[in-house]
Amino acid sequence: MKIAILGYGTVGKGLVDMIDSNKEKRNIKIVSILVNNKSKHKDSKYANLITEDVEEVFNKEFDILVELIGGLNPAYEYIKRALESKINVVTANKDMLAEYGDKLVTIAKENNVSLRFEASVGGGIPVLKPLIESLEGNLIKSMYAILNGTTNYILSKMYDENLSYEEVLKEAQELGFAEANPESDVEGYDAARKLSILSTLAYDRRVYWRDFYLEGISRIDMKDIYYAKKLGCKIKLVGKSEISDEKISGYVRPVLVDNDSLLSRVDNEYNIVVLNGNSVGEVSFVGKGAGKEPTGSAAYADVIDILDKRVCNIDSFTKEKIEVEKTINHNCEALLIFKSPKKDEIIDLINDCVYDHRIIDSTKEELAIMISVDSEYEINNILCFINNKGYCKEYRRLLKII
Ligand SMILES: NC(=O)C1=CN([C@@H]2O[C@H](COP(=O)(O)OP(=O)(O)OC[C@H]3O[C@@H](n4cnc5c(N)ncnc54)[C@H](OP(=O)(O)O)[C@@H]3O)[C@@H](O)[C@H]2O)C=CC1
Ligand SMILES: N[C@@H](CC=O)C(=O)O
């Protein structure tokens, strides 16, 4: 089996190492490796196969194209070209799947070749294959997950080691966890794209990532961590979606999770996906969600599946787009934090509106109150009243998973 690899960065190197360490078992020959800047790779393993010219790659003969460049362009053009030339494709590119999954799946089908993307969700965790194959007979009703290694790493280090957001983001970049533009990680886009891929496959409807409620971690500071600790919780960037009555609801947002919960035990670059099927009940998949070896392992598994001629059904991408409800319409708890001198007025107003609430902290600068309500609409109303009355313009809210 001959393969060409586009991209020789974190994941590309992880894949090449795995191919090499399994040489005795599998006969996979790398014919070409495309990079952006060849001079960076002059001392690399396989330096003789490295090129900056994509035509040089496509002039070679190969059975699988592995796309590990990232981003939409030129990756889309290269994947499309390979599929149209009846070449199988493996990719780790969730940006691409989330945006153009429907188009690419159609092209792959028309040309009778495989498009595999296990590494695009959950790094090294085998989750797409079990979802598509092992759980095929289940109706998946809901899922919740930690889907971004970089943000989980940042939140863990802020919590455990009191390190600043900026310091840990830099570390996550050096470790190869972060995207080329880390805004994708910290603003939650990456997690939302992964949640949309999972949701599309799980609910057999095309779920578009921008339709989820979306909030990242870039505004989480040490004060939020302080409140989380005080409440016996951690803060995690969680993605959640569910289907009911032909409607999907879903979000990616930072939430408080109890210290003894499943999510709370998933730290650093680890990810977790919990799926709820009608027959199987809850099943969880946990493992490293980012980094060279884990993601290389997932891409390698896709190559092997193609080599062994195992095909899987990913038609859900071509189904009609389904509407997504962004607001939580069942009971929830939230920590509201107000920066305002009008604390008494805010407390009185909350007293009038919410039966179940408790003050967590009240200092000269800040008031923190935990409230329990029947839906997120109530929280929005309270914040709207407070704002309209001019009591506070600067507030934050952190939902708690219950
Ligand atoms: N890092 C991770 O943990 C994970 C990453 N992914 C996904 O895997 C993919 C690759 O990520 P990662 O390995 O981290 O990225 P890197 O930035 O480490 O590597 C990207 C590689 O692609 C090459 N490249 C970039 N742009 C071009 C271009 N226009 N033409 C040719 N080559 C190009 C770069 O060349 P050069 O070396 O010359 O700069 C580099 O070799 C992305 O889609 C990412 O989202 C998925 C799961 C986990
Ligand atoms: N930047 C991503 C890499 C893997 O998908 C992450 O941090 O999870």
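Predicted model, so just to flag it, every value in this text is computed and none were measured.

A. Region of interest: the overall build of the chain. Secondary structure summary: the chain contains 13 helices and 17 strands in total. Against the 2.2 N^0.38 benchmark of 21 Å for 402 residues, the chain shows a C-alpha radius of gyration of 23 Å, consistent with a compact globule. Seen through its principal axes, the chain has C-alpha atoms that stretch 75 × 45 × 35 Å. Counting the 402 residues in the chain, one finds 45% classified as buried. When contacts within the chain are restricted to residue pairs at least 6 apart in sequence, long-range pairs at least 24 apart make up 73% of them.

B. Focus on the site of ligand 2. Taken together, the neighbourhood of ligand 2 is formed by Gly123, Asn148, Gly149, Thr150, Phe177, Ala178, Glu179, Asp185, Asp190, Gly289 and Ala290. Class assignment for the residues of the shell around ligand 2 results in 3 nonpolar, 5 polar and 3 charged.

C. Molecular detail of the site of ligand 1. The environment of ligand 1 is formed by 27 residues, the closest being Gly7, Gly9, Gly70, Ala92 and Ala290. Of the domains in this structure, domain 1 (2–120) and domain 2 (128–289 + 317–325) are the two that each give at least three residues to the shell around ligand 1.

D. Representation of the pairing of strand β11 (residues 270–277). Sheet topology places strand β7 (residues 140–146) next to β11; 6 bridges connect them, and they run antiparallel. When the bridges of β11 are listed, isoleucine 146 appears paired with isoleucine 272. As defined by bridge partners, β11 adjoins strand β12 (residues 281–288) across 8 bridges and the pair is classed as antiparallel. In the sheet register, asparagine 271 faces β12, and the bridge partner there is glycine 287. Connecting the antiparallel pair β11 and β12 is a turn made up of 3 residues.

E. Layout of the UniProt feature "domain: Aspartate/homoserine dehydrogenase NAD-binding" (unreviewed entry) in the chain. The sites that UniProt annotates as "domain: Aspartate/homoserine dehydrogenase NAD-binding" (unreviewed entry) are residues 7–118. Secondary structure across residues 7–118 comprises 39% helix and 16% strand; the distance between its end C-alpha atoms is 17 Å.

F. A look at the nonpolar core. Counting residues in hydrophobic clusters, the biggest one holds 119 residues, and the most contacted among them are Leu15, Val66 and Ala299. Aside from chain neighbours lying at most four places away, what touches leucine 15 is Ile5, Val66, Leu68, Gly296, Ala299 and Tyr300.

G. Structural detail: the sheet that holds strand β6 (residues 115–116). As summarised here, the arrangement of the 6 strands in space is β3-β2-β1-β4-β5-β6, forming an open sheet in which the pairing is parallel. At either margin of the open sheet sits one strand with a lone partner, and together these are β3 (50–51) and β6. Relative to strand β2 (residues 29–34), strand β1 (residues 2–6) runs parallel, the two sharing 5 bridges. Within β2, the residue paired with isoleucine 3 across the bridge is isoleucine 30.

H. Broad picture of unusual backbone geometry. The residue after asparagine 73, namely proline 74, is reached through a cis peptide bond having omega 10°. Along the polypeptide, proline 74 turns up in the loop between β4 (64–67) and α3 (75–84). In the Ramachandran plot, glutamate 246 falls in the positive-phi region, its phi being about 60° despite a non-glycine side chain. Within the fold, glutamate 246 resides in the loop between β9 (233–244) and β10 (247–258). With a phi angle near 55°, asparagine 268 is a residue other than glycine that sits in the positive phi range. The topology assignment puts asparagine 268 in the loop between β10 and β11. Residue asparagine 268 is classed as partly exposed on the basis of its 18 C-beta neighbours within 10 Å.

Conventions adopted
Residues numbered from 1 in each chain as written. Chains lettered and ligands numbered in written order. Predicted model: local features only at pLDDT ≥ 70, side-chain atom pairs only at ≥ 80, totals over all residues. Helix = DSSP H or I, 4+ residues; strand = E, 2+ residues; numbered from the N terminus. Rg over C-alpha atoms; globule rule 2.2 N^0.38 Å. Buried ≥ 20, exposed ≤ 12 C-beta atoms within 10 Å, placed from the backbone. Contact = placed C-beta atoms within 7 Å. Near = placed C-beta within 6 Å. Nonpolar A, V, L, I, M, F, W, Y, C, P; charged D, E, K, R; others polar. Domains from an automatic or database assignment. Pairing = 2+ DSSP bridges. UniProt positions renumbered as here; feature names shortened; annotations may be inferred. Core = buried A, V, L, I, M, F, W, Y, C linked by C-beta atoms within 7 Å.

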